[in-house]
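Spelled out from the first residue to the last, the chains are:
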Amino acid sequence: MKRIALLGGTRFIGYHLLMNLLSHGHQITIFNRGITQTPIPLPEEVEVTVGNRNCPKDYQKLFCKEFDVVFDLSGYNKSHILPIVRDYQSSIGHYIFCSTSFVYKMPPPCPIDESSPRLFDKNLYGGNKALIEDMLLEQYNENAWKVTVFRPQGIFGPYDAWKAGFVIYRLIESLPIFVLSNQDFRFNPLFVEDFVSSCIKAMDKPISHGKIYGVAGDEDMTALEFIENCGKISAYKPNIQFVEGQDLYVKNKYGIKWYDHNLVTDNQRIKEDLNITFTTLNAGLSKTYSWLQDHPEFLKRYTIKSEYISVGKKIKISHLWIYF
């Protein structure tokens, strides 16, 4: 049994991680603001410490105890991490930080690996994460503090179906799915259970100390291929409509924003170091679709209120004029 703290842990990734850790008998403490409700009530054995990461004194309530592992899922800028680095290293055996693939300069190379160029703009989400990464690795190099950094991308699964939720909602409702006519950029999404497996294995493997891992699935695809896969697992035929021009797509809010560059992460390092076997895309989509069938209320979040320009106006989609 390990004593583990989760910074965050009530919404999506953290909830999956929490339930997995509990199933292995670990002692869990969650630290967050107490605002976001968990998808289902937390088990009684989970200890909750209410605190705000923008108020460094609140960390005292958490780190009055020592932890074998801390999973940080909610650190978004250096001010969230600096008090921990400065004041509480001795209370933490292994610090595992969730970064993002958006630390890379865009458009990134294809594929991305852990040494690809990053951005360090503190006004950007990815830039802030990159600054945190460097601060943590500096502590590993100078103080031998055990840290591991993950850069996941495109995580989907039960409780957050990501782009699959939007596609499946429109498939079920027999609504058109709009895609740019030249949308040929590739990405490799990550099933949430594989990310949780990466976290679990990292905390037991010293080889992960001082390492950064890109985490993404084995299969890369275009938006069109992703939609077609959703259609196969749900047994609905997609009604795909091609939109000519990025400006038209964005202006009229045809749907979710597909990638406007390749975002394919090389996952070889994490497979070799942590012996991760990634779930196939169709298996992950099938589990997600089954969960959505059992929880149809979650599909409501994928509606688009301002879906079209207005009733009676015509929109050019591919070479057709379609009226709404």
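Now for a look at the structure at hand. Just so we're clear, the structure is a prediction, and the values are computed from it rather than from any experiment.

Digging into the nonpolar core
Most often, soluble globular proteins have nonpolar side chains that are buried together. The biggest cluster of nonpolar side chains holds 68 residues, and the ones touching the most others in it are Leu6, Leu17, Leu21, Phe71, Phe150, Phe195 and Phe226. Ranked by residues supplied to this core, first place goes to helix α5 (residues 162-172) with 7 residues. With residues near it in sequence (within four places) discarded, Leu17 still touches Leu6, Phe71, Leu73, Val196, Cys199 and Ile200. If you look at the next biggest cluster of nonpolar residues, it comprises 23 residues, including Phe67, Tyr88, Met135 and Trp145.

A look at the packing of aromatic side chains
Aromatic ring pairs are described here by two measures, namely the spacing of the ring centres and the angle between the planes. Per the stated rule, a full pass over the model turns up 19 aromatic pairs. Linked through ring pairs, Phe31, Tyr59, Phe63, Phe67 and Tyr88 together constitute an aromatic cluster. Lying over the aromatic face of Tyr259, Lys163 brings its terminal NZ or CZ to 5.2 Å of the ring centre.

Things to note about the pattern of salt bridges
All chains considered together, the criterion is met by 14 salt bridges. Of the charged contacts in the structure, one is a salt bridge between Lys211 and Asp273, with a shortest N-O distance of 2.8 Å. On the criterion of sequence distance, the pair formed by Lys211 in strand β10 (residues 211-215) and Asp273 in helix α9 (residues 268-274) is long-range, its members being 62 residues apart. Among the ionic contacts, a cluster of salt bridges with common partners joins Arg118, Glu133, Asp134 and Arg151.

Structural notes on the pairing of strand β6 (residues 146-152)
Successive side chains on a regular strand alternate, one facing one side of the sheet and the next facing the other. Within β6, 6 of the 7 residues are buried, which leaves it mostly tucked inside the rest of the structure. Pairing geometry for strand β5 (residues 92-98) and β6, over 5 bridges, is parallel. The partner of Ile96 across the bridge, within β6, is Thr148. A crossover connection joins β5 to the parallel β6 through helix α4 (residues 125-143); in handedness this β-α-β unit is right-handed. Inspection of the sheet shows β6 paired to β10 by 5 bridges, in the parallel sense. Across the sheet, residue Phe150 finds its bridge partner in β10, namely Tyr213.

So, unusual backbone geometry
Here the amide bond leading from Met106 into Pro107 is cis, since omega sits at -5°, within 30 degrees of zero. Relative to the assigned elements, Pro107 resides in the loop between β5 and α4. Cis rather than trans, the peptide bond between Cys110 and Pro111 has omega equal to 0°. For Pro111, the position within the fold is in the loop between β5 and α4.

Cut-offs used in this document
Residues numbered from 1 in each chain as written. Predicted model: local features only at pLDDT ≥ 70, side-chain atom pairs only at ≥ 80, totals over all residues. Heavy atoms only, no water. Core = buried A, V, L, I, M, F, W, Y, C linked by side-chain atoms within 4.5 Å. Buried < 20%, exposed > 50% of the residue type's maximum accessible area, 1.4 Å probe, protein only. Helix = DSSP H or I, 4+ residues; strand = E, 2+ residues; numbered from the N terminus. Contact = heavy atoms within 4.5 Å. Phe/Tyr/Trp six-rings, centres within 6.5 Å; stacked < 30°, edge-to-face > 60°. Lys NZ or Arg CZ within 6 Å of the ring centre and 35° of its normal. Salt bridge = Lys/Arg side-chain N within 4 Å of Asp/Glu carboxyl O. Pairing = 2+ DSSP bridges. Right-handed = clockwise from strand over helix to strand, strands pointing away.

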